[in-house]
Amino acid sequence: MAVTQDIKKNYTPTIGIECHIQLKTKTKLFAAVSNDARDAAPNTLISHICVGMPGALPYLNEAAVELAVRAAFAFNTTPQKFSKFDRKHYFYPDLPKGYQITQYEQPLIVGGHVDIEVEGKPKRIGITRVHLEEDAGKTSHPPGADYSLVDLNRAGTPLLEVVTEPDINSPAEAKSFAREIYLLIKYAGISDGDMYHGNLRFDVNISVTKEPGKRGMRSEVKNLNSFRSVEAAVAYEIERQIELLEKGQTVVQETRGWDEAKGKTIGQRGKEEAHDYRYMPEPDIPPLELDDEYVAKIQKELPELPGAIRKILNKLSITADVVEDILDNPAGLRLLLAAMEKGAFDEAAKHIAFWTLKVERALSDQEADIISNHLVKLARMREENILSSTAADEIFRLVLETLKDPEEIAKAKNLTQVSDEGEIEKIVEEVLAENQKAA
């Protein structure tokens, strides 16, 4: 049966999201092995700790703790001064120890929120908890083969798992939240957020109900790795559950996968609960205790985050979509903010904002300093009508390539135009005088 908009209006969707963020450390969470497995051959970035050899002792990576503390501030809260690690037991071929070291009873981060905006309406999404944990390996299933392959390069990489409150109520809100998490971790320097390589993954819990104040039976869609997939999977799952309920059937609590090609979710297994994992305290890693000085130092070093940057960009009278495009290009944004600090305001900054959308490479500190100075001059030339918009675009491209002064480029390329108002009036008068009949 088709689920019409009229039918949908009778149901309230409730959505919670779990985000798995791979931290940007050089080594793994408990082993001195490289954390970047993108170009590595299978099973080359491993040690006796990664493969769970008997007697192997894990050792906590301090850099991962520092990034997790940053995350607390990025998510509008403070880290817990005391947290501890636990063992989460389950069997899977890519988990050779038979358990995962994680945080359960006392995680590093409790509470916090992320602010989003959908169709011009702000909304606050609460965070229940954020905990540190190690990742498992990766199992692949070659098409047509009667075997599976296990790669343990990813085993032991440091993850932050962010668990939201069930505050999300639509596919658009789910997508907006996923994007905001991505921006926060990128700008805070917590993670590369490379979704193609699995550095950021989303598990989405969805339920629907007709009864106000209550929640329906939920299903979980795992391992979504794009904003579009999050939105599409939520939309599909809402319709699937409503259709079942409209037919008098029940929604089963289960874990489902997302088939991108077919645009649908597929049942995989029953959903586990906490007691299924037989949690126990991790005996090899002592509790994590943070002092005030350590936490204050990390907070002080936290860079500007997307919310604060939006407030700056909103002064330029550009649309919200353009602001988001600028945020998606940190290299260009860096030039824009530097130019604004050097005196580019109003229309000048607006010109620079659109130019910097075209920046396609990371710049060194020296390059950024030189180019931002040139952009202030280029914007002034455009404002004073010395350059046409086409000429200014061309000069911006050449400034990026050569680091040369825009005035020098304009003269060399003969790109300046007449800009003196008195001279323009004189030319107009001459033309009119010579064409009296037409005038």
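Everything below is about the structure printed above this text.
We now turn to the structure provided with this report. Since the model is a prediction, treat every value here as computed from it, not as a measurement.

## Some thoughts on the overall build of the protein
No. 1: Looking only at helices and strands, the protein has 13 helices and 16 strands in total.
No. 2: For the C-alpha atoms alone, the extent of the protein along its principal axes is close to 95 × 55 × 50 Å.
No. 3: Counting over 439 residues, the protein shows a buried share of 47%.

## As for the pattern of salt bridges
No. 1: All told, the structure shown has 39 salt bridges when counted by the stated rule.
No. 2: Residue Lys9 pairs with Asp6 through a salt bridge whose shortest N-O separation is 3.9 Å. Here the two residues Lys9 and Asp6 agree in accessibility, since each one is exposed.
No. 3: Residue Asp365 pairs with Arg334 through a salt bridge whose shortest N-O separation is 2.3 Å. Of this pair, Asp365 sits in helix H10 (residues 365–383) while Arg334 sits in helix H8 (residues 330–341), placing them 31 residues apart in sequence.
No. 4: By relative accessible area, Arg334 is classed as partly exposed at 33%.
No. 5: What emerges from the salt-bridge pattern is a single network uniting Arg179, Glu180, Arg310, Glu324 and Asp328.

## As for the packing of aromatic side chains
For any pair of aromatic rings, the description rests on two quantities: the centre-to-centre distance and the angle between the ring planes.
No. 1: Within this structure, the stated rule accounts for 7 aromatic pairs.
No. 2: Relative to Tyr279, the ring of Tyr104 lies with its centre 3.8 Å away and its plane at 5°, an arrangement referred to as stacked. Residue Tyr104 is found in the loop between strand S4 (99–102) and strand S5 (109–110), and its partner Tyr279 is found in the loop between strand S14 (264–270) and strand S15 (280–281); the two are separated by 175 residues along the sequence.
No. 3: Classification of Tyr104 as partly exposed rests on a relative accessible area of 31%.
No. 4: Taking the centre distance of 6.1 Å and the plane angle of 70° together, the rings of Tyr277 and Tyr279 count as edge-to-face.
No. 5: Under the relative-accessibility criterion, Tyr277 is labelled buried at 15%.

## Things to note about the side chain of Asn205
No. 1: Locating Asn205 in the fold gives a position in strand S11 (residues 200–209).
No. 2: For Asn205, a relative accessible area of 9% puts it in the buried group.
No. 3: Ignoring sequence-local partners within four residues, the contact set of Asn205 consists of Thr14, Ile15, Gly16, Glu18, Arg218, Ser219 and Glu220.

Basis of the calculations
Residues numbered from 1 in each chain as written. Predicted model: local features only at pLDDT ≥ 70, side-chain atom pairs only at ≥ 80, totals over all residues. Heavy atoms only, no water. Helix = DSSP H or I, 4+ residues; strand = E, 2+ residues; numbered from the N terminus. Buried < 20%, exposed > 50% of the residue type's maximum accessible area, 1.4 Å probe, protein only. Salt bridge = Lys/Arg side-chain N within 4 Å of Asp/Glu carboxyl O. Phe/Tyr/Trp six-rings, centres within 6.5 Å; stacked < 30°, edge-to-face > 60°. Contact = heavy atoms within 4.5 Å.

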